[in-house]
Structures are given as C-alpha cells and as structure tokens.
Amino acid sequence: KIPAKVAASELAARSSAPEYAASARPAFLESDGLTATQRGTALHTFMQFADYQAASVSPEGEVQRLVEQGFLTKEQGEAVDLERVKRFFAGDLAQRMLAAPRLLREYRFTVEIPAKDIDATLPPELQEEPVVLQGAVDCAFEENGGLIVVDYKTDRVADPDKLRQRYAAQVDLYAAALTRCTGLPVHGCYLYSFYQNQALPVTVGQPG
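How do you make sense of helix H3 (residues 36-49) when you look at a structure like this?
Given 3.6 residues per helical turn, the α-helix brings residues three or four places apart onto the same face. Taking 1.5 Å of rise per residue, the 14 residues of H3 would be expected to cover 20 Å, and the 20 Å separating its terminal C-alpha atoms lies within 8% of that figure. In this structure, the buried side of H3 is in contact with helix H4 (52-57), helix H5 (59-68), helix H6 (74-79), helix H7 (82-90), strand S2 (103-114) and strand S4 (146-153).

So, in structure tokens, the structure goes:
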C-alpha cells in the first residue's frame, strides 16, 4: 500500500480525479488543430521557457523567438493565447516576479517524506515509512527573504475556491519541498488561473 516513489501532481489529483475528468478540460483553449490538452501544454511550455522581461513587453515577439529556437513548434506557438498572457504580465503577481532578485522556473525536486503525508489512514506503525516525492514547481521567486510559489493552471473552473481545493495539497507539498531544498521559508503560494485571468492565494501548512 505504501509506494516507494510518488509524484506531487499524482497526490493532488487523487481526491478530485472523477470531477476533474468530467469538468476540468480547458474548453477555452479548444480550437481546430491541437487538442485542448496540447494547447494547455503549449501555454505551460511558453511560461516555462519565456524570457519574462521580454514577454512582458512583447509576448508576440517572445512566442516567435521560442518557435525559432525550437522551444515551441509552429503549431504550439500559434496556440498560445496571447491575450491571456498579456493579462498575466499586466498583473501584480507578474510585476513582483519581474522585480525579484531570484526567479526559479520549472524547479525540479526529489525529497523524502513520511508515508502519512500521502495517506493519513495508515496505521501508526507505518506512518513514518519513507517515501520519495518528486515534482516540478512551475515558478517561485524570492521576496523579503523568503519564497513565493506560483503554480500555473488552465482548468476551466470558474469558482476560485474549487480550484484552491483541487490543488491545495499539491501546492502544500511544493512549499515544503522548496524549503527543504533551498533553506528559505515560503512566505506565500498562488495558483494563477489562466481561465479566470487572476492569481489565487492559497493557504498551506508550515513546511516541516
């Protein structure tokens, strides 16, 4: 019952898997050509590799650069929703990122956690069994001596609370892992919803 290794995204998806399968397809991304999933991947890939300073001035130019340099295919470049990208960079969260002394992008981590963190129903004698947790944080930036965690989402969910509930566990794991890997406390966490065009603060537990 206790896995040797688990992905943070897998744990976050467990509780909402049935609902997610039925309602979370990012319909606002759908069009002829790439599937909705592929278009969502294109947007995430853009946010992973884009030069944020350049993208804040000309997202069109940054898409072109990423296509020319092979980070995005031509089809992916055409699929990036530039209006939503512009809304993101016009917001307060992006401005804080641009002003940060340190920006972590697609930060990959591997840490060891107790089994109770992935299954609270385990009997006491198994709760401290070690499990390897792997994951990748979309973005984190340094601010006032700590880190701010940002996770990008394209889910077609209009209710901010539902989106928070869906991903709170995942973001909590990210915060704990970042603190262990960097030695810096996490001062705040956000989901950035491209569907809602807004940053949603998420309350997480104190990293252990």
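There is more to say, and it comes next.
Looking at this structure, I do not really get the environment of proline 101. What am I missing?
One can find proline 101 in the loop between helix H8 (92-99) and S2. In this structure the C-alpha to C-alpha distance between proline 101 and glutamate 143, which are 42 residues apart in sequence, comes to 7.6 Å.

What is the right way to look at the packing of H7 against H8 in this model?
Close contact between H7 and H8 brings their axes to 5 Å; oriented N to C, the two are set at 65°. Here H7 lies roughly perpendicular to H8, going by the angle between them. Residues Phe88, Phe89 and Ala90 of H7 lie in contact with H8, whose contacting residues are Asp92, Ala94, Gln95 and Met97. For the contact of H7 with H8, the residue count by class is five nonpolar, one polar and one charged.

For this particular structure, what's the right way to read the packing of aromatic side chains?
Centre distance and the angle of the planes are the two values used to describe a pair of aromatic rings. On inspection of all chains with the given rule, the structure shows nine aromatic pairs. Taking the centre distance of 5.4 Å and the plane angle of 75° together, the rings of tyrosine 52 and phenylalanine 89 count as edge-to-face. Of this pair, tyrosine 52 sits in helix H4 while phenylalanine 89 sits in helix H7; the two residues are 37 residues apart in sequence, bridging distant segments of the chain. For the pair tyrosine 52 and phenylalanine 89, a shared accessibility class is recorded, and that class is buried. Aromatic pair tyrosine 152 and phenylalanine 194: ring centres 5.9 Å apart, planes at 55°, arrangement tilted. A residue pair is termed long-range when its members are at least 10 positions apart, and tyrosine 152 in strand S4 and phenylalanine 194 in the loop between strand S5 (186-193) and strand S6 (198-202) qualify at 42 residues. The residues tyrosine 152 and phenylalanine 194 share a single accessibility class, namely buried. Taken together, the ring pairs in this structure connect Tyr52, Phe88, Phe89, Tyr152, Tyr192 and Phe194 into an aromatic cluster. Over the aromatic face of tyrosine 167 sits the side chain of lysine 153, whose NZ or CZ is 3.7 Å from the ring centroid.

Cut-off values and rules
Residues numbered from 1 in each chain as written. Predicted model: local features only at pLDDT ≥ 70, side-chain atom pairs only at ≥ 80, totals over all residues. Heavy atoms only, no water. Helix = DSSP H or I, 4+ residues; strand = E, 2+ residues; numbered from the N terminus. Expected span 1.5 Å × (residues − 1). Contact = heavy atoms within 4.5 Å. Axes fitted to C-alpha atoms, helices over the stretch in contact; angles between N-to-C directions. Parallel < 35°, antiparallel > 145°, perpendicular 65-115°, else oblique. Nonpolar A, V, L, I, M, F, W, Y, C, P; charged D, E, K, R; others polar. Phe/Tyr/Trp six-rings, centres within 6.5 Å; stacked < 30°, edge-to-face > 60°. Buried < 20%, exposed > 50% of the residue type's maximum accessible area, 1.4 Å probe, protein only. Lys NZ or Arg CZ within 6 Å of the ring centre and 35° of its normal.

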